[in-house]
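The chain contents come next:
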Amino acid sequence: MSKLVTIYGGSGFIGRYIARRLAKAGWRIRVAVRRPNEAIFVKPYGVVGQVEPILCNIRDDQSVRAAMQGADAVVNCVGILAEAGKNTFDAVQSEGAARIARIAASEGIETFVHISAIGADADADSAYQRSKAKGEAAILEHMPNATILRPSIVFGAEDAFFNRFAGMTRFGPILPVVGADTRFQPVYVDDVAKAACMALEGDAEGGIYELGGPEVNTFRELMEQMLTIIRRRRLIMNIPFFMASIMGAVSDLVNKISFSLIPSMITRDQVKNLRNDNVVSGQVKTFETLGIQPVTLESVLPEYLWRFRPSGQYSEIKESAKNLRSSDKA
């Protein structure tokens, strides 16, 4: 019988790519999520009954254990970028991760993969980064042979980074950013999934891996590359950190007063994150250790950012037509 894996947060950005790869490899997959009815899109990744979304709340022991029953391996992809209600950084990324690892150990599960993030640091100013570090420490306490993957900014068709900023270019001539000189090492989502699957298949040893793409760019450089792809001219305006902190405080207050009904445009904690470079440190294992050659930005971004071009899918056709008219005149 094929192996069974439980992927907590398996319908999320990274989780769905891991699920798709494992389905192709013949695994049976439980996608443990808060809203299974919104995750039915994962079912076609495999044959009938191979991939099933199930209800799970990682803040509850019984719910986590039920989702894990009979599993041969566990993957934790659950993470948040901003707090909302009971879903605080500690509740999700520290206590939630610890709960999953503790129960996996009690169930005798030996294979455990956890998606963390570059910058995880118990002494960081950012609550996000501290919670990531706490989660990692708790996982290694219960599952010392676990594989922990720390990606930089992750890009792909469903990402919340390039899609968000490309969308912002539709509303005016200025593109505001915080931390224009902060460096990133964007990594393709399917490369992260490939690394996770290698660990699950026993083709990679446990430990901490920092995953970054082949290029290191500043925030400004990434936005310039995006603007070139979507054929738009915008003034990239860097917002100073002190001003961004004030904006974050106001945004946090509005979000709290509205009981999270009005999402924060940027939080104070995100501003703290943006003060630090998000690149591979060279102190732990990397893609090179796994023998994976990471995909470049330029080979993927045009595949999904074309819809933000002024003429969308017809942009290249119009450009070709212009070239033809120019040739005729010549």
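Rules used throughout
- Residues numbered from 1 in each chain as written.
- Predicted model: local features only at pLDDT ≥ 70, side-chain atom pairs only at ≥ 80, totals over all residues.
- Heavy atoms only, no water.
- Helix = DSSP H or I, 4+ residues; strand = E, 2+ residues; numbered from the N terminus.
- Expected span 1.5 Å × (residues − 1).
- Bend = angle between axes of the 7 residues up to and from the residue.
- Core = buried A, V, L, I, M, F, W, Y, C linked by side-chain atoms within 4.5 Å.
- Buried < 20%, exposed > 50% of the residue type's maximum accessible area, 1.4 Å probe, protein only.
- Contact = heavy atoms within 4.5 Å.
- Pairing = 2+ DSSP bridges.
- Axes fitted to C-alpha atoms, helices over the stretch in contact; angles between N-to-C directions.
- Arc of directions from axis to C-beta.
- Polar contact = N/O pair within 3.5 Å; in protein donor to acceptor, adjacent residues only side chain to side chain.
- 1 Å grid on protein atoms, 1.4 Å probe; cavity = no way out; pocket = protein on both sides within 12 Å on 5 of 7 lines; lining within 4 Å.
- Points joined across faces, edges and corners; volume = space filled by probe spheres on them.
- Salt bridge = Lys/Arg side-chain N within 4 Å of Asp/Glu carboxyl O.

S.K.: Explanation requested: helix α3 (residues 89–106) in the structure shown.
M.R.: Since there are 3.6 residues in each turn of an α-helix, residues three or four apart along the chain are aligned in direction. The terminal C-alpha atoms of α3 lie 25 Å apart, and with 18 residues this matches the ideal 26 Å at 1.5 Å per residue to within 8%. A bend of about 35° at Glu95 is the largest found in α3. Gly108, located one to two residues past α3, shows a positive phi value of around 80°.

S.K.: Hey, could you run me through the nonpolar core in this one?
M.R.: The tendency in soluble globular proteins is for nonpolar side chains to be buried as a group. Membership of the largest hydrophobic core comes to 70 residues, with the highest contact counts inside it found for Ile18, Ile29, Phe162, Met223, Met226 and Leu305. Top contributing element to this core by residue count: helix α6 (residues 189–200), with 9 residues. Apart from the residues within four sequence positions on either side, Leu305 is in contact with Phe162, Asn163, Ala166, Met226, Ile229 and Ile230. In terms of nonpolar packing, the next biggest core, distinct from the first, is built from 26 residues, Ala32, Ile80, Met143 and Ala146 among them.

S.K.: So what exactly am I meant to see when it comes to the sheet that holds strand β3 (residues 51–55) here?
M.R.: Hydrogen bonds between backbone groups are what pair the strands of a sheet, and the pairing can be parallel or antiparallel. Strand order in the open sheet formed by 7 strands is β3-β2-β1-β4-β5-β6-β11, with parallel pairing between adjacent strands. Lying at the two open borders of the sheet, with one neighbouring strand each, are β3 and β11 (207–211). For this sheet the average axis-to-axis angle between neighbouring strands, irrespective of direction, equals 20°. Pairing of strand β5 (residues 111–115) with strand β6 (residues 147–151), which is carried by 3 bridges, proceeds in the parallel orientation. Across the sheet, His114 pairs through a bridge with Ile148, a residue of β6. Running at roughly 145° to strand β1 (residues 4–8), helix α2 (residues 61–68) makes contact with β1, β2 (28–33), β3 and β4 (73–76) of the sheet.

S.K.: Help me understand α2 in this model?
M.R.: Taken together, the buried positions of α2 are occupied by Ser63, Val64, Ala67 and Met68. Buried residues of α2 fall within an arc of 130° about the axis and therefore sit on the same side. Contacts made by the buried residues of α2 are with β1, β2, β3, β4 and α3. Its side-chain oxygen 3.3 Å from the backbone nitrogen of Gln62, Asp60 forms the N-cap of α2. Two residues or fewer after α2 comes Gly70, characterised by a positive phi angle close to 80°.

S.K.: Any chance you could explain the pairing of β1 here in plain terms?
M.R.: For a regular strand, the rule is simple: side chains alternate between the two faces of the sheet. Of all the 5 residues making up β1, 5 are buried; the element is thus mostly covered by neighbouring parts of the structure. Here β1 shows a buried face lined by Leu4, Thr6 and Tyr8 and a second buried face lined by Val5 and Ile7. Judged from the 5 bridges that link them, β1 and β2 form a sheet pairing that is parallel. Among the inter-strand pairings, Ile7 is bridged to a residue of β2, identified as Val31. Relative to β4, β1 runs parallel, the two being bridged by 4 bridges. Residue Val5 lies in a different strand from β4, and its bridge partner there is Ala73.

S.K.: Help me understand the layout of surface pockets, please; the structure alone is not making it clear to me.
M.R.: Remark: the empty space left among the atoms is shown by a probe the size of a water molecule rolled over them. The computed volume of the second largest pocket comes to approximately 410 Å³. Around the second largest pocket sit 18 residues that line it, and Glu83, Asp252, Asn255, Thr267 and Arg268 are the ones nearest its centre. Sorting the residues of the lining of the second largest pocket by element identifies α8 (241–257) and α9 (268–274) as the ones contributing at least two each. A total of 4 residues in the lining of the second largest pocket trace back to one element, the largest contributor, which is α8.

S.K.: What exactly am I supposed to notice about the environment of Gly312 here?
M.R.: When you line up the elements, Gly312 lands in the loop between α11 (301–305) and α12 (315–329). A relative accessible area of 12% means that Gly312 is categorised as buried. It is 9.8 Å that separates the C-alpha atoms of Gly312 and Arg231, two residues lying 81 residues apart in sequence. Those residues in contact with Gly312 that lie beyond four places of it in its chain are Trp306 and Arg307.

S.K.: Just checking my understanding: could you explain the pattern of salt bridges for this structure?
M.R.: A side chain of one charge can pair with a side chain of the opposite charge when the charged atoms of the two come close. Counting across every chain of the model gives 11 salt bridges. Among the ionic pairs, Glu52 bridges to Lys43, the shortest N-O distance being 3.9 Å. With a relative accessible area of 30%, Glu52 lands in the partly exposed category. The partner of Asp252 in a salt bridge is Arg268, and the shortest N-O contact between them spans 3.1 Å. With Asp252 in helix α8 and Arg268 in helix α9, the pair connects residues that are 16 residues apart, well separated along the chain.

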